[in-house]
Amino acid sequence: MKKDEFKGKLQYPFLINANVHYLENIYKKFLNNPQSIEKSWRAFFLEFVKKLDLEVPIKKNNKENFYIEENIRHIAYTIINTFRKYGHKFSNLDPLNLNKKKFFPPLNNFLKKGCFNISRIKFSIKLSKFSYNTITLKQLYSTLYKIYCNSIGYEYMHIDCENEKIWIQNYIERDFKKHIFVDKEKKNLLKNLISAETLEKYFSIKFPGSKRFSLEGSESLIPMLHEIINYVYQFNVNRIILGMAHRGRLNVLTNVLNKPIKEIFNEFSDMDITKYLKNGDVKYHMGFKERKTTACGSINLDLKFNPSHLEIVNPVVLGSARAYQDITNTNSVLALILHGDASISGQGVVQETLNMSRVNGYTVYGSLHIVINNQIGFTTSDTKDLRSSRYCTDVAKMISSPIFHVNADDPEATLFVVRLALDYKNRFKKDVFIDLVCYRRHGHNEIDDPFITQPIMYSKIENHPTLCNIYNLQLINKNVINQNYLNINIKKYKKKLDDQYLEFVQKKCIPKKNRFLKNATFSKICIKNDQHISEISLKNLAKKINVIPSNISMHDRVFKIYNERLKMADGYKHLDWGAAEILAYASLLNQGISCRLSGEDVGRGTFSHRHAVIYDQKNGSTYIPLQNIHPSQGKFYIWNSVLSEEAVLAFEYGYSVSQKNTLTIWEAQFGDFANGAQVVIDQFICSGEQKWGIKCNLIMLLPHGYEGQGPEHSSSRIERYLQLSSEKNIQICMPTTSLQMYLLLRRQALNIRKKPLIIMTPKSLLRYSLSFSSLKEFSNNTFQKVINEIDSTNLKVVKRIILCSGKIYYDLLNQKRENQQSNIAIIRIEQLYPFPENILLKILKLYVHSTDIIWCQEEPANQGAWIYIQNHLIQILPKKFSLSYVGRRASSSTATGYINIHKKQQSKLIYEALNIN
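As the structure is a computational prediction, the values presented were derived from the model and not from experiment.

Engineer: Help me understand the overall build of the protein in this model?
Structural biologist: Along its length, the protein carries 31 helices and 24 strands. Counting every position in the protein, which comprises 917 residues, the buried fraction comes to 59%. In the protein, once contacts between residues fewer than 6 apart in sequence are set aside, the share between residues at least 24 apart is 79%. Total accessible area on the protein stands at roughly 39600 Å², and carbon and sulfur atoms take up 50% of it.

Engineer: Looking at this structure, I do not really get empty space enclosed by the protein. What am I missing?
Structural biologist: Once rolled over the atoms, a probe with the size of a water molecule shows which space is left empty. By the definition in use, this model includes seven cavities of 30 Å³ or more. Going through the elements one at a time, β18 (757-761) and β23 (852-860) are the ones with two or more residues in the lining of the largest cavity. Per-element tally for the lining of the largest cavity: the top contributor is β23, with five residues.

Engineer: I'm lost on the side chain of Asn 729 in this one. Help?
Structural biologist: Of note, Asn 729 is situated in the loop between α26 (718-724) and β17 (731-733). Looking at Asn 729, its side chain comes within polar contact range of the main-chain nitrogen of Ser 726, at 2.9 Å. Setting aside residues no more than four positions away along its own chain, Asn 729 makes contact with Cys 686, Gln 690, Leu 724, Lys 755, Pro 756 and Tyr 833.

Engineer: Is there a simple way to think about the nonpolar core in this case?
Structural biologist: A general tendency of soluble globular proteins is for nonpolar side chains to be buried together. If you look at the biggest cluster of nonpolar residues, it comprises 98 residues, and the most contacted ones within it are Tyr 154, Ile 228 and Ile 240. Per-element accounting of this core gives the leading share, 10 residues, to helix α16 (residues 411-428). Counting residues in hydrophobic clusters, the runner-up holds 74 residues, among them Tyr 324, Ile 337, Val 680 and Leu 832.

Engineer: Hey, could you run me through the packing of helix α7 (residues 162-173) against α16 in this one?
Structural biologist: Any two packed helices are characterised by how steeply their axes cross, that is the angle between the axes, and by the distance between the axes. At their nearest, the axes of α7 and α16 sit 11 Å apart, and the two run at 150 degrees to each other. By the angle between their directions, the pair α7 and α16 is classed as roughly antiparallel. In this structure, α7 meets α16 at a crossing whose hand is right-handed. Contacts between α7 and α16 involve Asn 163, Glu 164, Trp 167, Ile 168, Tyr 171 and Ile 172 from the former and Phe 416, Arg 419, Leu 420, Asp 423, Tyr 424, Arg 427 and Phe 428 from the latter. Classifying every residue of the contact of α7 with α16 gives eight nonpolar, one polar and four charged.

Engineer: Got a minute to help me understand the sheet that holds strand β20 (residues 800-804) in this structure?
Structural biologist: The pairing of strands in a sheet comes from backbone hydrogen bonds and takes either a parallel or an antiparallel form. Taken in spatial order, the five strands of this open sheet run β19-β21-β20-β23-β24, and their pairing is mixed. Each of the sheet's edge strands pairs with one partner strand only, and the pair in question is β19 (786-787) and β24 (882-888). Here four bridges tie β20 to β23, and the two strands are oriented parallel to one another. Bridged to Ile 801 within β23 is Ile 853. Packed onto the sheet, helix α30 (residues 866-876) meets β20, β21 (824-829), β23 and β24 and runs at close to 175 degrees relative to β24.

Engineer: What should I look at first to understand unusual backbone geometry in this one?
Structural biologist: If a residue is not glycine, its phi is most likely negative; likewise, a peptide bond is most likely trans. For the peptide bond that leads from Tyr 833 to Pro 834, omega is -5 degrees, which places it in the cis range. When you line up the elements, Pro 834 lands in the loop between β22 (831-833) and α29 (837-844). In the Ramachandran plot, Asn 258 falls in the positive-phi region, its phi being about 60 degrees despite a non-glycine side chain. Looking at the element boundaries, Asn 258 is found in the loop between α10 (249-255) and α11 (261-268). Phi at His 611 takes a positive value of approximately 50 degrees, unusual for a residue other than glycine. Here His 611 is to be found in the loop between β11 (594-599) and β12 (614-615).

Analysis parameters
- Residues numbered from 1 in each chain as written.
- Predicted model: local features only at pLDDT ≥ 70, side-chain atom pairs only at ≥ 80, totals over all residues.
- Heavy atoms only, no water.
- Helix = DSSP H or I, 4+ residues; strand = E, 2+ residues; numbered from the N terminus.
- Buried < 20%, exposed > 50% of the residue type's maximum accessible area, 1.4 Å probe, protein only.
- Contact = heavy atoms within 4.5 Å.
- Areas by Shrake-Rupley, 256 points an atom, 1.4 Å probe, with all protein chains shown as cover.
- 1 Å grid on protein atoms, 1.4 Å probe; cavity = no way out; pocket = protein on both sides within 12 Å on 5 of 7 lines; lining within 4 Å.
- Points joined across faces, edges and corners; volume = space filled by probe spheres on them.
- Polar contact = N/O pair within 3.5 Å; in protein donor to acceptor, adjacent residues only side chain to side chain.
- Core = buried A, V, L, I, M, F, W, Y, C linked by side-chain atoms within 4.5 Å.
- Axes fitted to C-alpha atoms, helices over the stretch in contact; angles between N-to-C directions.
- Parallel < 35°, antiparallel > 145°, perpendicular 65-115°, else oblique.
- Left-handed = near helix turned anticlockwise from the far one by under 90°.
- Nonpolar A, V, L, I, M, F, W, Y, C, P; charged D, E, K, R; others polar.
- Pairing = 2+ DSSP bridges.

In structure tokens, the structure reads:
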């Protein structure tokens, strides 16, 4: 060994001229017999020769052979671990090969000239559960390269659980041979690809220039979905709930869910279907339900309707899946979510949804996610403009989910990955992701010209063969099919399309009526089981839910609350809001109707008023009185949610549309927090029935009231919900007594006509005795949409009528009583929408000598109900009445953050409302 080799290639500080001869002597001994030198020097020279790409001679001595083999085995395990960790980065994933595939850098040296003879020295090693008794480093490298750097990139070493990692390793390193496809399966695979490709081309010919968000470039999705449907049967899954965006939706509807193609032709022709749906929606937003028969049996398929906020459907799917799981008490439902590469990494609801995926109240015990990765997002966006992470699926790592990247141009690999993902999900009850790396043959839609902004990519796509042709050629080369197989099956499928198209042209067929739900109205209040509950029955029920077992160690404040509720049950006190609400749930549960209540801190209640869940102060266990009424009662679920509004509310919406005998309630911690869920409110809750015929009876509880707590803790943004109200789509109420709250909850649960209900719930009134009601009132009352003045004795002396809603009523009432103003009447509008104009007019006719009407509200003039109320009153009020507004002036903020300013504003508006002069 020469001096410059020591100094030039490895820069160790002790390798100076004075030590060179000494080191050469030790090195010679090492080459002759590594065991003859001291241990630390032996380790140094092993590292040294590895970095210099030198060979260590193998001696015949058994000890020396063992020593060398142990070092080779150590290197082998390093190679194995490196492939498992980093193999996905060098897999052949891109069908377009836009970026030149790199060789595996960490193992380059071993292939060139390793420190041992990688092709000659044999050793034994255990790879997963499969043992190799005689293998060389080169053979090991080649085996791992085929597994980890082929058409599938396995990303799983980030998983926390060691058992899960070992299971995946065994599956892909040993058990993959079990999933080799037979010829029949390969032929079916090709047929599915033919259906997918032929349908898109047919659409392009018959409806040129129409938006369809085609599947071309990712046709392998169709056989993947068929494989899922067939494969899950072994796990006793009888229902798949599917959420997906626009891309490929029409293809999935036709080729997977068996939606009659002539109905889709109708949608392309913009046929008027308003007799079935009030407003309808574009064809690539529509959902569909089908009970599909397969070779294994029948399965229910449910594709959820989805607006252009692509990923918002994710929690809706999970909520619906959870509803079916709660109904059946089984895990017989698969939640299947299809993402886009840009949306999964770009939209925050994905993170919110994944964060809920293993939380008790929201888990569905694992979902299957497939990302249709076009590698582009929108037409004008490069990957570098879409995200900061390497993969679009990196968000999945937050819940330690495995991610399987697969080349969409290798259809057999995509089916293998489907089986792997479903086996994993079934075994570990966790989410699993498939990143289907593909391309998009057209622009963002078929009208768009992608060459304008993506010339390189689309030059490659233009010359890239379709997947049908690629796979067809593979099967011909393997003698699975003959040369005519492709053309014969294309003609068969095209004839099927032609027949349907001819029927569409000749008959202009329309959808079956039962495919859509007719728009319901509020013309009649349809109540089921609307028998009034007797006072004695309510009293017994109230006692039942407020007597806590003696073995529960209650907090002193909670003990006091339940003690007070027992006094309320006995008639010694009026029922406060918490007691009335709990009694409403108890009465429904007692009738066999289930209740699900969720929200941030909903068990105790944001304002510490509900206490539906009691925490044992000694052992931390929980006791829920509403779950212990009687054995055949309805189910009561109450879940403290994650700190999310958008995903949680979407989950509850999905739950409510699938649970037919459950009152589903979501409570915002403060009303203004619902701002974070505006997409759900706009696109699903308020418009879902008009667009899609989907009914729900979801309740939103939004705390509202001006008590000087600042902008975010005062307003529920009533004006937004009133602006969204039309065509009897929702109900908006602001009850002012505990009795009204009780009656409103029962009305919603028992109403046959399902409509969402938004309740502006109180804060300070929760402990305001004037708003409490006696138990006697609960037994024979119905919800009052309008409440007339309660202390007016002589209607003829009334000169002014004040209309209002909510807490402001009590501020006005107290000041009016203090002023002894019998010439003013205060009327509460408890239901803002649908507006109870007939009831209000009937009351107003009683005040024959009054001509002055004021709308009084706490909110600024541009907020609250004033603009909405003004429009209604102008149309219905008799001409003798003059209408004016009293309240805060218009403001860009909902409320002041200073308590002193708040008090001055409140005093001023109360004074103005009551000052007749």
